[in-house]
Each structure stands twice: as C-alpha cells, then as structure tokens.
Amino acid sequence: MRSLTCLILLCLFTCFFFSGVQAHPGSGIVVDRSGDIYFVDTGAGVWKIDRAGSLERVEGPAYHWMAIDRVGGFSGVRLPRSLRGDVSVVGSNPTLIAGGDFPLTVGADRAMYYPQAAADGPVRILRLKPSGSSSVFATLPDAFETGPEGERLPACWIHGLAADSGGSLYYTERRAVRRINPNGTVSLFAGDVTVPHCSFPPALQDDPHLAPDLRGLAVAPDGTVYVAASACSALLAIAPTGDVSVVLRASDAWSPMGVAVAGADLYVLEYRYIASDRREDWLPRVRKVAKNGTVTVVATVSRR
C-alpha cells in the first residue's frame, strides 16, 4: 500500500514540478578546482562566474540539480537508458552533470549517486560507475512529510544529495537531513529542523506546511553540513553534533536554494522566488559568505 501511495504522490509531484507555483527553482551550484562557479538557472540554463567575477552563459540544460566530476570520468560516457533525458553530461574540464528530475552527486570514489523510486518498496540510492555498471548503494528508511492539507504522508522522494570526502552521502527531506555511511547504512543527522523567525518567500506564503523545505546542501571538510531552507529564506549550518544555526538570511523575495563549499568560503545560490507560473520569472543570484562572515553578491542574472 505504501509503495502504491508513493507512486501516486510521485506522479502528482512530477505534474506540479513543471507547472504552476508548486514548481520550484533549481539548487545546483558547484565550484571547480580553478575557483570558477557554475550554477543552474531553471529559466535559462547554466551560468559560469569566473574568478574575475564575469558572468556568462555556458552549455547546459535548464535543469534543477547539478554535480561536478572534477576528474572527467563521466565525460563522453554513454549513460544507461533509464537516465537519458533526465541527466545531461556537459564538458570535460570540468565535467558538469545536470539532473532534471532528481538530485545527484559525485562521491569520493568518483561514482555518481542518484535516487530511484521503486514500485515495490522505498526509495533507493543507486551508484553508477564511469564504466557504466550500477548497483544499489542504500535503501532509504521510511519517512513522513506534511501534505498540502496538513495530512501526514510518506516521504517518497529526496530534495537534495551531497557527498563528503570520506565516502558518506547526505540527503534532505523537507525537515531533516540524513547521512548514508560508506557501508550503505542510513542514520539521522538532524531531524525536525526548524528556523527561528522563518520568513516565507512570496511563492510559498500560501504553503506554510512546507517549512523549512530543506533542499540543496554541501558538506565542509570539518563535517558541518550547510543546507538551504528554501521556505524560510535562510541558509543553515548543521554541526556534526546536530546543532543547527542560521548562517545567512535573504529578504525582498530572495531565498537560498543551493550551496557550495570552496575552501573556507560558501557560495549560495538564491532565487527571487515570486509567485509565478513562468520559471523565467525566477531570477537567480549567487552570494558569497566569507570565512569572516562578510556577505557579498557575486553575480545576479537579468532577463533583459
């Protein structure tokens, strides 16, 4: 019964995902070894910010998620049939992997990880090697979320996925972050996450049940997980102890959707998340949070 419910909800999610204000902006942002920043724009495609701060459009689809393959293992690789149309591999230095329907990441072992909803059970995380061989890395435990009418529903999907340097993965549910250890076991990293003084962006003011709506995340070398609380216009830091703090807040309709760690700095992908049926109306920008806490706008996309 649970698997049938999940499939129905997943179909509804997909329908809303691409139309109306129920859809959401992208959360993919990565930084390459040279310090260049790449991020997804669900209204236009992929943008690059070079080290001089220049913004330019580069090859890549207007998808929602993005991972970076720094060694180019997936460059030129023919993806399995099940992924074609949902995943796009672009470039060789760096190699960007864009996901349309699901989050994905490249792990410390240079394999790609992504979720798969199964008809006969819970969500699984699959591991795909550059050679093309795939296997089940982890089976996710049952989780629950609040539905549109405040009802308790099974969580049939994940909203963000990231890897650390030690072989573990982290993923987001709407109100929780879970860790997948290198052996595939899953544990709760932080649950029932709340944001004090939550400020809803205009697109979500009619959907308070979504808060904090955790999405894109990244893991720092010290084990701190940074995660976008998109329904509360905030970026959170979750310490290895599970303690949660607010690192950054947005205002004037802006809301964090994704984050990348680059040395001691954070790069936060935000969208002007207004109530609109057109994804082109959601304008992205990138802000930098320096080690000393200074916040600066690195670049803002304009549709002019």
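Since the model is a prediction, treat every value here as computed from it, not as a measurement.

Criteria and cut-off values
- Residues numbered from 1 in each chain as written.
- Predicted model: local features only at pLDDT ≥ 70, side-chain atom pairs only at ≥ 80, totals over all residues.
- Heavy atoms only, no water.
- Phe/Tyr/Trp six-rings, centres within 6.5 Å; stacked < 30°, edge-to-face > 60°.
- Helix = DSSP H or I, 4+ residues; strand = E, 2+ residues; numbered from the N terminus.
- Buried < 20%, exposed > 50% of the residue type's maximum accessible area, 1.4 Å probe, protein only.
- Pairing = 2+ DSSP bridges.
- Axes fitted to C-alpha atoms, helices over the stretch in contact; angles between N-to-C directions.
- 1 Å grid on protein atoms, 1.4 Å probe; cavity = no way out; pocket = protein on both sides within 12 Å on 5 of 7 lines; lining within 4 Å.
- Points joined across faces, edges and corners; volume = space filled by probe spheres on them.
- Nonpolar A, V, L, I, M, F, W, Y, C, P; charged D, E, K, R; others polar.
- Salt bridge = Lys/Arg side-chain N within 4 Å of Asp/Glu carboxyl O.
- Contact = heavy atoms within 4.5 Å.

Novice: Could you clarify how one ought to interpret the packing of aromatic side chains in this entry?
Specialist: The description of two aromatic rings rests on the distance between their centres and on the angle between their planes. Overall, the coordinates contain four aromatic pairs when judged by the stated rule. Between the aromatic rings of Tyr113 and Phe137, the centroid separation amounts to 5.0 Å while the plane-to-plane angle is 65°, which identifies the pairing as edge-to-face. Of this pair, Tyr113 sits in strand β9 (residues 112-116) while Phe137 is found in strand β11 (residues 134-139), placing the two residues 24 residues apart along the sequence. The residues Tyr113 and Phe137 share a single accessibility class, namely buried. Ring geometry for Tyr273 versus Trp282: centroids 5.4 Å apart, planes at 85°, classification edge-to-face. According to the relative accessible area criterion, Tyr273 is buried, its value standing at 2%.

Novice: What should I look at first to understand the sheet that holds strand β1 (residues 29-31) in this one?
Specialist: Each strand in a sheet pairs with another by means of backbone hydrogen bonds, the pair being arranged parallel or else antiparallel. Spatially, four strands are ordered β1-β2-β3-β4 in an open sheet, and the strand pairing comes out antiparallel. One side of each edge strand has no neighbouring strand; the edge strands of this open sheet are β1 and β4 (55-58). On average, each strand axis in the sheet is tilted by 25° relative to the strand beside it, whichever way the strands run. By the bridge criterion, five bridges tie strand β2 (residues 37-41) to strand β3 (residues 45-49) in an arrangement that is antiparallel.

Novice: In this structure, what is going on with empty space enclosed by the protein? I would like to understand it.
Specialist: Summary: where empty space remains is shown by rolling a probe the size of a single water molecule over the atoms. Throughout the structure, instances matching the rule amount to two cavities of 30 Å³ or more. Taken as a whole, the largest cavity holds about 90 Å³ of empty space. Lining the largest cavity are twelve residues, and of these Val123, Leu140, Pro141, Ala155 and Trp157 lie nearest its centre. Broken down by class, the residue content of the lining of the largest cavity amounts to ten nonpolar, no polar and two charged.

Novice: Would you mind going over the pattern of salt bridges with me for this structure?
Specialist: Side chains that differ in charge, positive against negative, can pair when their charged atoms come close. Evaluated as defined, the whole model comprises twelve salt bridges. Here Asp41 and Arg303 are joined by a salt bridge, their closest N and O atoms 2.7 Å apart. Taken together, the residues Asp41 in strand β2 and Arg303 in the segment after β25 (295-300) connect sequence positions 262 residues apart. For Asp41, a relative accessible area of 0% puts it in the buried group. Given the relative accessible area of 32%, Arg303 is considered partly exposed. The shortest N-O distance in the salt bridge between Arg174 and Glu145 comes to 3.4 Å. You can see Arg174 sitting in the loop between β15 (169-172) and β16 (177-180) and its partner Glu145 sitting in strand β12 (residues 144-146), a full 29 residues away along the chain.

Novice: Quick question: what am I supposed to make of the sheet that holds β25 here?
Specialist: Pairing is antiparallel across the open sheet formed by four strands, whose spatial order is β22-β23-β24-β25. The open sheet has two edge strands with one neighbour each: β22 (254-262) and β25. Averaged over all neighbouring strand pairs, the angle between strand axes comes to 25°, with direction disregarded. The pairing of strand β24 (residues 283-289) with β25 spans five bridges and is antiparallel. Bridging from a neighbouring strand, Val289 pairs with Val295 of β25.

Novice: I would appreciate a short explanation of the layout of surface pockets in the present structure.
Specialist: What the largest pocket holds in volume is close to 930 Å³. Mapped onto the lining of the largest pocket, the elements with two or more residues apiece are β1, β5 (65-69), β8 (105-106), β14 (160-163), β18 (214-219) and β22. Residue classes in the lining of the largest pocket are distributed as 25 nonpolar, ten polar and four charged.

Novice: Honestly, the environment of Thr42 in this entry has me stumped. Any pointers?
Specialist: You can see Thr42 is positioned in the loop between β2 and β3. The class of Thr42 is buried, set by a relative accessible area of 2%. Through-space distance from the C-alpha of Thr42 to that of His24 is 8.7 Å; in sequence the pair is 18 residues apart. Those residues in contact with Thr42 that sit more than four places away from it in its chain are Pro25, Gly26, Ala62, Tyr63, His64, Tyr271, Arg279 and Trp282.

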